Every structure is written in structure tokens, then in C-alpha cells.
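# Chain and residue survey
So the chains spell out like this:
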Amino acid sequence: MFRRIGYTWHLMGASLDVLKRDKELMLFPLISGIACLLVMASFVAPIFLRPGFMDFPDQNATLEQQVFFYLYLFAFYFCNYFVIVFFNTSIIACAVLRFEGHDPTVGDGLRASFGRLPQIAGWAALSATVGLVLRIIENYSEKVGQVVAGLLGLAWTIVSFLAVPVLVIEKKGPFAALAESTKLLKKTWGEQLVGAWSFGGIFFLLGIPAWLALIGGIALLASDHATLGIALIALAVIYLIVLSLVQSCLQTIFQTALYLYTRDGRAPEGFSAEMLGGALARS
């Protein structure tokens, strides 16, 4: 396990080298985050403007109320997933161009996303359906349902790990992409889990100073150093935003390189066969 974690550190470094050459890739998760906030605002606004508009249907709710609630929830999931996958597609397309020796631009990434709108919409619909089913299980089975939904959600995250790279690179539909991701799971099982943990764990540690700064800034607001507190909070928020943008890009570049290696057996530019082969080796 520790050997694979070590390989993942090297993979993260290789992904960072790609991002250093194409810093504009950070624009995609930034726009994605802003768009997701706008999507959330558009769905939340009616709830505040019309009290009772979105009360959760309890056991006494009519069938029409329950159907409306879940259709509304599905629409929110679909829009949110669509935005995320759209801009992740741009990152993947640019990463592939870089691996092929080209110098990608933001326009290249956006053109790739617009050229795959049917696949993106299909994957968003599938993901929204899975999310809705998990929500229904969680809502109607109480504690047992929460456990079941959590386990099913974890299984979905694992089997769909490489689905979006497949969708983007091969232009396959959502079900074909999911099937291909599941097949490649046998080769990448250990690295998927270890890679996800390492990326998340590393960035969690990197974010600790910012959270401490936030706590310190809030404490200063209550004292006679409010200006310093506001400055400290602002710096911490900016740092966390940049950190999240970098993490999103590195994770997507990593997934793209991993898929290309499992498909072709050749390491993409910037990655070594030894690095990827060792990371994928079975213990």
C-alpha cells in the first residue's frame, strides 16, 4: 500500500508538471465553480421566494407532491453534473493534446466540450439518475438507507472513475463509457483508491494553514484588530480557492493519463512507463 501511495506522489508531480505548462487549465474549474453556484442559486431562489415551494414530501404528501419534488431534484442534479462534466471534458481534451506534444489553448478545450454535448448530456442524465436513486434510498430507509446509499455511492464512484475520460477520448455514450471504466477497473483498482486518497489527503494537509488562518481571522474580528482579521480571512479564502482549482486540474490530468496508459500500454508524455506500470502493478 505504501509503495502505491509513493507512486501516486510521483504521478501527482507529473500531473503538476503538465499544469505548469498549461496554467490556463485552471480557468475551467474556476468557471465550473461559478456556474455551479449560479445553478444552485437558480434552484434555491424559488424556495425562498415561495415558502412551501419545496417542502420535503413526508409520508402524508400526495403522489403529485412527491413526483414534483424528485423531478425538481433530478433537474438540479442534471444541471450540476452537466456543468461539471462539461468543463472536466475541456481539461481532459487539453491534457490529451499536451500528451501528444501540442500546445493546447482554452479554445481547444471548449471546442472539445461543445463537440461532445450529446455524450456530456447523457452522462449527466445517468449520474443524476444514480444520485436521485441514492437520495430516495436515503430518505425513505432512515439510518439503514443512509448506510446502503453510502455504500452504493462509493461503488458508483469507483466503477465510474475512468468513465469521463472514456467518454471524451473515445466519444462513447454513457453506458458504453461506464462499461469500459468497469472493465479497466481490474487493472487500476489499487491505484484508483490509493490515488484518490493521496490527492485528497495531500490537499487536505495543504489546506490546514488556511483553515487555521480563518479561525484566527474570525477571532481577530471579535477584538480590536478587525481590519487584520478581514485581511487574514480574505487571504485564507483566496488560498483555498486556488488550492481547490489546482486539485481539480491535477485529479483530472491524473485520470486522463491513467486511462491512456491502461488503454494503450504506453505512458503519455511527462509520465514514465515505470511510474504508471508500478502504480498499476498487482501486489
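Details of the structure are given in the entry above.
We now turn to the structure provided with this report. Bear in mind that the values here come from a model prediction, so they are computed numbers and not experimental data.

## A few points about the nonpolar core
- Counting 60 residues, the largest nonpolar core has Leu19, Leu25, Phe99, Trp123, Leu250, Ile253 and Phe271 as the members making the most contacts within it.
- Elements that contribute at least two residues to this core include exactly helix H1 (2-21), helix H2 (27-49), helix H3 (63-99), helix H5 (117-140), helix H6 (142-159), helix H7 (163-170), helix H8 (174-221) and helix H9 (226-264).
- The biggest single contributor to this core is H3, with 16 residues.
- Sequence-distant contacts of leucine 19, defined by excluding residues within four places in its chain, comprise Leu25, Met26, Val246, Cys249, Leu250 and Ile253.
- One finds Ala210, Leu214, Ala236 and Leu240 within the second-largest nonpolar core, a separate group that totals 6 residues.

## A few points about the packing of aromatic side chains
- Going through the model one piece at a time under the given rule, you end up with 12 aromatic pairs.
- With 6.3 Å between their ring centres and 25° between their planes, phenylalanine 82 and phenylalanine 86 make a pair best called stacked. Taken as a pair, phenylalanine 82 and phenylalanine 86 lie in helix H3 at a separation of 4 residues, close to a single helical turn.
- On the basis of relative accessible area, phenylalanine 82 is assigned to the partly exposed category, the value being 23%.
- An angle of 80° between the planes, with centres 5.0 Å apart, marks the rings of phenylalanine 86 and phenylalanine 87 as edge-to-face. An identical accessibility class is assigned to phenylalanine 86 and phenylalanine 87; each is buried.
- Taken together, the aromatic side chains of Phe43, Phe68, Tyr72, Phe76, Tyr77 and Tyr81 make up a single cluster linked through ring pairs.

## Comments concerning the packing of H3 against H9
- The contact between H3 and H9 brings their axes to 9 Å, and the two run at 55°. Here H3 lies oblique to H9, going by the angle between them. Crossing hand, H3 versus H9: right-handed. In this structure, H3 contributes Asn88, Ile91, Ile92, Ala95, Val96 and Phe99 to the contact, and H9 contributes Ser248, Cys249, Thr252, Ile253, Thr256, Ala257 and Leu260.
- Residues belonging to the contact of H3 with H9 are distributed by class as follows: 9 nonpolar, 4 polar and no charged.

Cut-offs and rules
- Residues numbered from 1 in each chain as written.
- Predicted model: local features only at pLDDT ≥ 70, side-chain atom pairs only at ≥ 80, totals over all residues.
- Heavy atoms only, no water.
- Core = buried A, V, L, I, M, F, W, Y, C linked by side-chain atoms within 4.5 Å.
- Buried < 20%, exposed > 50% of the residue type's maximum accessible area, 1.4 Å probe, protein only.
- Helix = DSSP H or I, 4+ residues; strand = E, 2+ residues; numbered from the N terminus.
- Contact = heavy atoms within 4.5 Å.
- Phe/Tyr/Trp six-rings, centres within 6.5 Å; stacked < 30°, edge-to-face > 60°.
- Axes fitted to C-alpha atoms, helices over the stretch in contact; angles between N-to-C directions.
- Parallel < 35°, antiparallel > 145°, perpendicular 65-115°, else oblique.
- Left-handed = near helix turned anticlockwise from the far one by under 90°.
- Nonpolar A, V, L, I, M, F, W, Y, C, P; charged D, E, K, R; others polar.

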